[in-house]
Structure formats: structure tokens, C-alpha cells
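What the coordinates show
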Amino acid sequence: ASAGGCDPALAARERANMRFASLDVYPKTLNEFRQKTTSGAIVSITCAALIMLLTCVETADFISVTTDDHLFVDTTRGSTIRINLNMSFPALPCSTIMLDTLDISGNHAPDIMRNMKKTRLDARGHPLPDTPVPAPPRSEPRGGAGLEASPRRPLFGEKRDLGPALRLLTNREDAMLSALLSALSPHLREDKAAIEELRRHMGEGCNLAGSMVVNRVAGNFHFALTHEEHATLMAVYKDREALNVSHNIHAISFGDQYPSLVNPLDGKVQALSGGSGFFQYYLKIVPTIYEPLRGPPVHTNQYSYNELFRTTREVDKMPAVYFHYEISPIMAKVTEGRRSLSSFLTGLCAIVGGVFTVAGMCDACIFRLTRQGGSRAK
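Throughout what follows, the structure given in this document is the object of discussion. (Residues numbered from 1 in each chain as written. Predicted model: local features only at pLDDT ≥ 70, side-chain atom pairs only at ≥ 80, totals over all residues. Heavy atoms only, no water.)

1. Some points on the sheet that holds strand E8 (residues 268–270)
Strand pairing in a sheet relies on backbone hydrogen bonds. The paired strands run either parallel or antiparallel. As summarised here, the arrangement of the five strands in space is E4-E5-E2-E7-E8, forming an open sheet in which the pairing is antiparallel. A single partner strand is all that each edge strand has here, and the edge strands are strand E4 (116–121) and E8. Each adjacent strand pair in this sheet contributes to an overall mean axis angle of 20°, direction not counted. One ladder, built from six bridges, connects E4 with strand E5 (residues 205–215); its direction is antiparallel. In the strand pairing of E5, Thr119 is matched with Asn207. (Pairing = 2+ DSSP bridges. Helix = DSSP H or I, 4+ residues; strand = E, 2+ residues; numbered from the N terminus. Axes fitted to C-alpha atoms, helices over the stretch in contact; angles between N-to-C directions.)

See the structure below:
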């Protein structure tokens, strides 16, 4: 090649580069032909601020954990339910309250008070220290000489011995028969020690907290007054209307707790200003599986409820608080989740590209309108 000629290889490379550069959809202009305007600066600043704001929103949405709910038929069988409860009775001493359960098959939960704790409360609802109960003195019954009075059993705990006079009438321990005989023949035995003890605790309240395990079938658990101490209760309170079953439900749940679980009975207060009655709560329990983002699934239960209150005159019963529950055949599944990284990156690209495109269109419209207004003015 001559000195003044060009290299054929270099020329071919330049032509190839020019053909490839023709694919550029973002052609560049010289700086001398670029015109910067005030309106363009305003649009650019607004565009940058909007991109930053939307990017923060998108990042927060990516970091946050969402939950998805699914419903399906419950096919699990033969399990149990743990009932967790914390309730206070501000107007009844602990010695008068009895907790019991009964399911649809007629079974009672065994050893129900094993994981339950009773705490005496003062008139302000503050816990009282536990003090040992002294052994009551032996007293002579009214039913004549020769009847030996047995020491009174604690109001909760061991079974009550009604004495040899009533033991002659039955050779087996029948709680219902014993209570009936005690009610029909109160003159045979008057438990003065029990009456005096109950009077000492008048004005106190009671808190019951703990858990119990029941069969996974429909049933109820209830707080009732001790049937075996009916004569003692009437000797102190005189009338069942004076047995105030006002109560505070601090917490009731079925199974383990998870972060977003709501127990609708928590914090409910039922206060009676006069008289007494029969409280009934009807609970619908929904078995639930909670699958956290990290960790093993939690098998628990949700519930909804309705309530009914009737006075003792309407039902002709002793005051009580009943919780009737049924198991739903539908199971709920709550699953925690988070957006995928690809979805997050796609959202960021859409934000940046969309804002820049719209901002460019707005800037072009403003610039064109400004030029048209200036030419008309001239």
C-alpha cells in the first residue's frame, strides 16, 4: 500500500463498526446542539425524587412478609386440644369456684387442676399471699348425741365425709346421693367450720390460670359453684342472687400462639351490678396450621364466639359460666411468604424505565408549548 493510501483492513473494520453502530436506538447529539431549559430541570428533579420514592416503596414491599390463607377439609382425627385460660372472678372466693369439663361422649378431663393455679385476689384485684388453712375444731352435730362429726374437708380437694349417720344409708361413695341427703337433712350435720372459713374470705376474688387437655370433640368447660357445699353457700350468701359471677377473661386460647393470631375473648369483662345469672359462650373452633417463613409449622386453633346471658330466675339454676365449643370440619392454613428477587428486580426496572419515559414525554410537551408561546408573542 502507498503512503497516501488507506489500509484495506482498517477500512473494512470501520465499515463494520458503522454498520453495528446503526443498531443504536439511543443516538447521541453534539453538545453544541443540546439546549437545557428551566422546565427540563424541574422535570428532571421531579423524576429523580419520584424514582427514589417508588424504589423505597418497592424495597419495603420486598422486605415485608405476607401471609396467604387457604381452607380445606380437615382429615385429622384422634388428637387432643390444649385449652389455655386466664380468668378472674372479682366477687367470688376461690373456695366457691369449681372448674370442670364435659365432652359430647360424656367424658371428663382427668386431673383437670394439675396445670391450673388458683390465686386469691383482694378487693382491688391484687394477688393475696397463700396462707395455710388451720385444722378446724371438731364440732357436735345437731342430730342428737352419738353422731360423730367428721372434720370438714377442704372446699377443693378430698371428698367430703358426711358422717356415720349418712354412711348407714349408703355403702358406696355417690356424690349426687350424698349431696341430696345433705340437702334433705341439713339438721344432721352443720359444717360450722366451713361457714366460718367462707365468711373469712368474703370480699375476696379469685384468678384461675393455666391449661388443660381435652379430647378433640365437641364439649364444654365451665366454672360452677361447688355442689357439695350448697348448704354452706346458702348459709353465708342467703340467696343465689348474691352469688355474683362477674368475670374478667384475660386470655382464652386453644393451642399455641402465633404472631397474627387473634383470640376474640381476650380482655372481655362481664360485670353484674345487681343479681346474678348464667353466662354461656358458644365457640366455633377452627383447626389451623401456621407455616412461618423460617421454622417448623405450628398446629393450633382459631375460634369465633357468640354469647348468651340469662338470669337465675329465667333458668332456675345456680349461677355459672359455661364455654361450649365445637370443632369445625374445615381447617385453615396460614403461610408466610416473601416476594422473589426476580420480581423485585423487575419492579425496579419498571419503575426506572417508566418514570424516565413519562418524564421525557412531559418535558417534550412542555418544551413544545413553550416554543409555540414564544413564537406567537413575537
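2. Notes on the pattern of salt bridges
Applying the stated criterion across every chain, the model contains 12 salt bridges. The shortest N-O distance in the salt bridge between Arg216 and Asp74 comes to 2.6 Å. In this pair, Arg216 sits in the loop between E5 and strand E6 (219–225) while Asp74 sits in the loop between strand E1 (66–73) and strand E2 (80–89), placing the two residues 142 residues apart along the sequence. For Arg216, a relative accessible area of 17% corresponds to the buried category. Overall, the relative accessible area of 6% leaves Asp74 in the buried class. Of the charged contacts in the structure, one is a salt bridge between Lys268 and Glu307, with a shortest N-O distance of 2.9 Å. (Salt bridge = Lys/Arg side-chain N within 4 Å of Asp/Glu carboxyl O. Buried < 20%, exposed > 50% of the residue type's maximum accessible area, 1.4 Å probe, protein only.)

3. Digging into the nonpolar core
Across soluble globular proteins, you tend to see nonpolar side chains buried next to one another. Residues Ile83, Phe221, Phe223, Ile252, Phe254 and Phe323 are the most contacted members of the largest nonpolar core, which totals 39 residues. For this core, the element with the most residues is E2, which contributes five residues. Apart from the residues within four sequence positions on either side, Phe254 is in contact with Ile81, Arg82, Ile83, Phe221, Leu283, Ile285, Thr300, Asn301 and Tyr303. Within the second largest apolar cluster, six residues are counted, among which are Val43, Cys47, Ile351 and Ala359. (Core = buried A, V, L, I, M, F, W, Y, C linked by side-chain atoms within 4.5 Å. Contact = heavy atoms within 4.5 Å.)

4. Quick look at the side chain of Ser328
In this structure, Ser328 sits in the loop between strand E11 (320–327) and strand E12 (330–337). Here Ile330 takes part through its backbone nitrogen, which lies 3.2 Å from a polar atom of the side chain of Ser328. Those residues in contact with Ser328, other than ones at most four positions away along the chain, are Asp74, Lys284, Ile285, Val286 and Pro287. (Polar contact = N/O pair within 3.5 Å; in protein donor to acceptor, adjacent residues only side chain to side chain.)

5. Some remarks on the environment of Phe89
Tracing the backbone through its elements, the reader meets Phe89 in strand E2. Measuring from C-alpha to C-alpha, the distance between Phe89 and Glu204 comes to 9.0 Å, with 115 residues separating the pair along the chain. Not counting residues within four places of it along the chain, the set of residues in contact with Phe89 comprises Ile97, Gly205, Cys206, Leu208, Phe223, Val245, Ser246, His247 and Val321.

6. A look at the packing of aromatic side chains
Across all of its chains, the model carries 12 aromatic pairs by this definition. Between Phe254 and Tyr303, the ring centres sit 5.4 Å apart and the planes meet at 75°, which makes this aromatic pair edge-to-face. Of this pair, Phe254 sits in strand E7 (residues 247–254) while Tyr303 sits in strand E10 (residues 298–311); the two residues are 49 residues apart in sequence, bridging distant segments of the chain. Both rings, one in Tyr281 and one in Phe323, keep their centres 4.8 Å apart while their planes meet at 10°; by these two values the pair is stacked. Of the two residues, Tyr281 is situated in strand E9 (residues 277–291) and Phe323 in strand E11; the sequence distance between them amounts to 42 residues. In this structure Phe323 comes out as buried when scored by relative accessible area, which is 0%. (Phe/Tyr/Trp six-rings, centres within 6.5 Å; stacked < 30°, edge-to-face > 60°.)

7. A word on the side chain of Gln270
Structurally, the position occupied by Gln270 is in strand E8. Overall, Gln270 belongs to the buried group, its relative accessible area being 14%. Engagement of the side chain of Gln270 in a polar contact is seen with the side chain of Tyr281, the distance being 3.3 Å. Here the side chain of Gln270 touches Glu307 through a polar contact of 2.6 Å, side chain to side chain.

8. Here we look at unusual backbone geometry
Look at Asp111: it is not a glycine, yet its phi comes out positive at around 50°. Along the chain, Asp111 falls in the loop between strand E3 (97–103) and E4. Residue Asp111 is classed as partly exposed on the basis of its relative accessible area of 48%. Despite not being glycine, Asp316 has its phi angle at roughly 55°, a positive value.

9. Things to note about the state of the cysteines
Following the criterion strictly, the structure yields one disulfide and no others. Two residues, Cys94 and Cys206, share a disulfide whose sulfurs are 2.2 Å apart. With the S-S bond torsion at 100°, the cross-link from Cys94 to Cys206 turns out right-handed. A residue pair is termed long-range when its members are at least 10 positions apart, and Cys94 in the loop between E2 and E3 and Cys206 in strand E5 qualify at 112 residues. Cys94 sits in the buried class, given a relative accessible area of 10%. Given the relative accessible area of 0%, Cys206 is considered buried. Here Cys47 is not disulfide-linked; the sulfur of Cys362 is the nearest cysteine sulfur, at 9.6 Å. (Disulfide = S-S within 2.5 Å.)

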